[in-house]
Every structure is written in structure tokens, then in C-alpha cells.
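# Commentary on secondary and tertiary structure
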Amino acid sequence: MDDVVQAQTGTPPVRGAEIAVDGLAKHYGSLKAVDEFAINIRSGEFLALLGPSGSGKSTILMMLAGFEVPTAGRILIDGVDCTRLPPQKRNIGMVFQHYSLFPHMTVADNVAFPLKMRGVGRTERRRRAAEALKVVRLDGYGARMPSQLSGGQRQRVALARAIVYEPRLLLMDEPLSALDKNLREEMQLEIKRLHHELGITVVFVTHDQGEALTMADRVAILRGGKLQQLSPARELYERPANLFAAGFIGEMNMIPAQWDGAALTLGTGERMVPPTGAVVGTVGQGAVTLAIRPERLTVCDPVTPDALQATLREVVYAGAGTLLIAALPDGTEIRARVASASLPPALTEGETIGLSCPPEAMLVYGEEAAA
Amino acid sequence: MQNLSPRRLLLMGYVYAVLFFVLAPIVIILPMAFSETDYLTFPPVGFTLSWFTDFFSNSRWMGATVFSLKIAVLTAITTSVVATMATYALMRGAGRIGALFQGLLIAPIVVPHIALAVALYLFFQRIGLSSTVFGYVLAHSVIAMPFAVFTVSAALSAVDATLEDAAMSCGASRFTAFRLVTLPMILPNVLSGGLFAFILSFDEPVIAFFLAGIRDKTLPRMMFDDIEQNLTPIIPAIAVLLTAVSIFALIAAALLRRAAANRTAPEEAG
């Protein structure tokens, strides 16, 4: 697949749409599915809306598409107020979770459907549908019926249909969730390649954090209809804005501690002094949470200064990496993912080990951020 | 595993008895149409097609047939269109009156036709619709509606509602989305619902009895008149023709429904 990405480095044919969303809300009775949601999406950006089910991510997408009318707020697409515009007038490409191909039409007719709706002539429709099928690598599949295709092929057809009239905005509603793991990874790269080739703005809804981190330029984390964090993938992982984001993306050790403004006191009285940058947001004195990614921990001698002492409970060997599950003296579970090669040869369950991490790997969250 | 227990034998006997009593009259009446006698007799005497020729050459019979056909065709069209719109509204609409509306639509199955016929007769007399084509079409559509609603809703429930959303995201209006996506998929069932309506209307006797005027009579009404006055083998001849029409219509409806099943089923596998 790499060759294609490299072959397509010319200027993209379309400039992606710019989206400005302000104060967006959708209430169903007393339920606030989306509340005070605001975001600016740059032209050509790939944005992922990530959250558990019920977080409002799909509702936001449906409001962008025009299938849901917001209770409050505005949606501007390229500066035009689209808040109440019906979906067929928005010129948006959309890919649905279950492909939603028209089962009574051939693949070519499916792909040509948006062109037909725009009054494009038959020969021109055929030519452009064939071209779009080529872009998604389904050259020559035009005469088949959707029922004759595999899941991955159907999703490619759906993709071709969404991009055939060169929309400036592409919306995708968990498009890969119905595919198995290998196909999903392949399609992730495929969609990224298309985004790169076409230069259009993409808004992608997913509940799969790995997918969001892999594909998106920026990830918006949602919970209970509210935006939790909006950051590039790396920042999201390395410095989550709050405890929810910290726990939602990847694995995270959460160690309860007391904060006196300068140092942390852990459950059984160990004191640690984190670097000033470790404190996320404003943290008041009192109960806080110390968060450390499992892969930032390394095993050391228990007497090493500043190391956490822990009792080893389980050693889970998995080839290149090993997962160590241990308990701090106060009982808090702590996990470390270390390279198998770096481990001391004889680790026995029940022995006391030291766990240390670089100072910049420590993150301190206050109580209010725990929400 | 053939288990011929007494209970099973009893059940099979019962089923065949029912079939026998349903089919026997038809089996008896049909051969009478070919009898050379000018009264009804079984077994038939000789063989002639003259009763069929009589039927086709008699202007009163032909007039009634054309009148019935006209009503049946219009009923089929009205029923399939209204049933499709109503079913769509019931299944895709967000309204709360859906249950009530559905009850009203299928009520004619529960209400005895004679009660419906009397009510329609009194009502149509007053507003001048009695013995008009329009009146017949309205009355027959009411009777046929439940069957068409059932057939269409069976098809519509198999069509993914997001397909229309997908069509709209492609630039289609709600109506275009329905016309180009949903309608082609449910069309076989819409047509078979229309065929049912056609059959129901074409040999409907009860309402025809009440609504008939002096001149314009439907075929079943004419047959009643003829049975009272003459009772020649022209009646079994017409019965042969009506049975043939019904059988062809039912076969056509079954083929249409099978086409529908083939069309929508494979997509669900994904």
C-alpha cells in the first residue's frame, strides 16, 4: 500500500470544507444527548469523534449530516449556516455503519447514484463511477450486485459512492465496526490514503481508540454529550486532559495520593516529588490521582530512591513484552508493560520489586477532574 | 420419521375432511358448465362449450363483467397506493396515533361484511354514491385494505430504513429516496396486494348486493339474479372463468412475493 501513498503526493484535487460548530445541543426531553458542543475543523483535517456508546458522538455526526435538527447551536460549513438545511442540500459524502448499499442496484448504479441526483448524464455517470471504483480498488466490479460482495468490498463501494461527486466533507459513522480485525486495519490505511489523495475534510465516528489514534489528525473525546478533550493523537495519549480521557485511551495506572502543593504522599506514606509539569490543570491540596502509563514503568531494585515498592502478583509473558501485575503496599494494583529482554531472569510471584519511571511520565490529576 | 400415532391419524383425517368439504363443491360445479342440458345437473350430460359462448355473446353479462372489471381494477390501484402510503406512515412515521390508525385500517377484517354493507348502503344513499363506480371502489377498497397492508408491511419491515438516509446523503429528496430505493424493493408486494384487492373486488357479493342499482350490476350480483330466475349452466360456466382468474392471480401474487424475497434476502447476510 505504501507505493500508492507515495505516488499520490501531488496537490489534492479538492479543498476540504471548513466546519465551525458552536453551542451545539440536542436534547431528547430531559436527556442531553449533546450539550454545549463547539469545535472548529480545519480544511482537509481528519477528525475522529471518539467516545463510548451514548457519548453523543453519533448524534453530533447526524446533526452535521442533517438527519437530526439541533435543539440549539449553529453549524457552519464553509461559512454557510447549515443548521437546518436538509441532508440532500448539504453536499456531504457519507458512509454508514452497515454500508447501506441499495441492494436492488448494481455496484456501478450504487456508485453513480449521487451523480444521477445531480443530473449528470448517463455516459459521464458511468465514467466517473468507474473512476471512483478504481480509487477504492474495485476496478471491474461495477456489474455485480452488492449481495455478491464481501463486507470489506461493500464498504469500499459505500466509500466510492460517498466520494464520487467529490464532496468537500466526508462523514463516516463507525464504518469499520462491522468488519473483522484484519480487514479493519487494511481499511484504516485505505481510508487514510484516500483522505491524503483527495484532500477532503473527514469526520469519523468511532468507539475504537486505536482506530482514532491511527487515523485522525485530531481526536475529540466525548462523554455524556460533552467534549472532554480535543487534541492531536500523541498529546491525547501522552497528556490526557482529565482522568476520563486518561482512562479511556489506552491503559493507565491510577494511584490514589495526597497532594500538599509540592509533593505526593502515597497510601502508606511514601513521598514523591513530581516535576512541576506533571500537574494537569489546576490541582488543589488534598486527594489526587497519580497516573502512569504501564509501558513507562521499569523494574529496578526495590531500594532504589524514588522507586515504588510493590509485591509482584503475576507475570504474564507474551513474547516481546511481558505484563507485570503487582500491588502497592496499600493494595492498589499497578501494572507494568516491559520489554521481556530487559527483565531480570528470575522473577517469582510474591517477591518485592521496585518500579520506577522517568519523571515526565508522571501525571497528577485533581479530584474535580475525576468527575 | 413417520409416526402414525392415533392422534396423528385423527389430525390428518380432520385436515383431509376440511379440504374435501372446501373443494368438493368446486369439483362438482365445474363439470356442470359443460353439460348439454339447459338446467344444472351432475354428472353433466354430453359436452358443449355453448354456455361459454352464450356468456360472451350476451350484452347483459358482458356489461356486468366490464363493470366488475372496471371496479376491480380501480380498487386494486386505490388499495395498493393507499396501503403503501399508510404502511409507510405506520412503520416509518414518528406519530403516536399509529396504533389507533393501524386498528382502523385492519378493522374491516373483524367487522362482518354484511354490517359494513348495510352501513355503507345507508351512508352512500344519503350522499349519492350508491350504485356508482366511485362508491363501489371506496367500499371494496375498505374491505381489501387489511390484506394489502399486511402484504406491504411484510416487505417494508425487511427494508433497512437507513437506505433512504443513504439516498438523501447522496442528494435525493425524501420522496425521490422512497421512489428510487424503497419502492422498487417493496414493489412486488405492493403489486401482489393490488392483485388480492382485485380478486376480492371482482367476486365480492355482499356489498354488491346492497349497492347495486337497476342497471349497473356487478358480475356476482348478476349471477345472484340469474340463479333466482333461470339457473342455467351459464352460472357454472362463469364459475369456471372466475376460478381460473383467481388461480392465475394467486399464482402471480405468489411469484411476485418470491421475487421480493429473492431481492431483499441476500443483502441481510452482511
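Rules and cut-offs
- Residues numbered from 1 in each chain as written.
- Chains lettered and ligands numbered in written order.
- Predicted model: local features only at pLDDT ≥ 70, side-chain atom pairs only at ≥ 80, totals over all residues.
- Heavy atoms only, no water.
- 1 Å grid on protein atoms, 1.4 Å probe; cavity = no way out; pocket = protein on both sides within 12 Å on 5 of 7 lines; lining within 4 Å.
- Points joined across faces, edges and corners; volume = space filled by probe spheres on them.
- Helix = DSSP H or I, 4+ residues; strand = E, 2+ residues; numbered from the N terminus.
- Nonpolar A, V, L, I, M, F, W, Y, C, P; charged D, E, K, R; others polar.
- Domains from an automatic or database assignment.
- Contact = heavy atoms within 4.5 Å.
- Buried area = accessible area lost by both parts, 1.4 Å probe.
- Salt bridge = Lys/Arg side-chain N within 4 Å of Asp/Glu carboxyl O.
- Buried < 20%, exposed > 50% of the residue type's maximum accessible area, 1.4 Å probe, protein only.
- Pairing = 2+ DSSP bridges.

## Considering the layout of surface pockets
Considered as a void within the structure, the largest pocket measures approximately 400 Å³ in volume. Forming the boundary of the largest pocket are 15 residues, of which B:Asp203, B:Met223, B:Ala239, B:Leu242 and B:Thr243 lie nearest the centre. Taken together, the elements giving at least two residues each to the lining of the largest pocket come down to helix 1 (6-32), helix 10 (219-229) and helix 11 (234-268) of chain B. Considering each element in turn, the lining of the largest pocket owes the most residues, five residues, to helix 11 of chain B. The class makeup of the residues in the lining of the largest pocket is 12 nonpolar, two polar and one charged. For the lining of the largest pocket, the two domains that each supply at least three residues are domain 1 (1-48) and domain 2 (58-269) of chain B. If you add up the space inside the second largest pocket, you get close to 300 Å³. Forming the boundary of the second largest pocket are A:Met105, A:Ala108, A:Asp109, A:Ala112, A:Phe113, A:Lys116, A:Arg122, A:Arg125, A:Arg126, A:Ala129 and B:Leu180. When contributions to the lining of the second largest pocket are tallied by element, the ones reaching two or more residues are helix 3 (107-117) and helix 4 (122-135) of chain A. Per element, the largest residue contribution to the lining of the second largest pocket is five residues, and it comes from helix 3 of chain A. Among the residues forming the lining of the second largest pocket, the class breakdown is six nonpolar, no polar and five charged.

## Re the domain arrangement of chain B
Residues and elements named next belong to chain B. Here the domain parsing of chain B yields domain 1 (1-48) and domain 2 (58-269). Here the C-alpha centre of domain 2 lies 30 Å away from the C-alpha centre of domain 1. At the interface, eight residues of domain 1 touch eight residues of domain 2. For the pair domain 1 and domain 2, the summed buried area comes to about 680 Å², and 83% of that belongs to carbon and sulfur atoms. Looking at the side of domain 1 facing domain 2, the largest losses of area belong to Leu30, Ala33 and Leu40, adding up to 57% of the total buried there. Linking domain 1 with domain 2 are zero salt bridges, by the criterion used here. Taken together, the residues that form the side of domain 1 that touches domain 2 break down as six nonpolar, one polar and one charged.

## Structural notes on the pairing of strand 18 (residues 333-339) of chain A
Residues and elements named next belong to chain A. Taking every second residue as pointing to the same face, the buried face of strand 18 carries Ile334, Ala336 and Val338, while none of Glu333, Arg335, Arg337 and Ala339 on the other face is buried. Sheet topology places strand 17 (residues 321-327) next to strand 18; seven bridges connect them, and they run antiparallel. Bridge pairing in strand 18 places Gly321 opposite Ala339. Following strand 17, the chain reverses through five residues before pairing antiparallel with strand 18; Gly331 in that reversal takes a positive phi of roughly 100 degrees.

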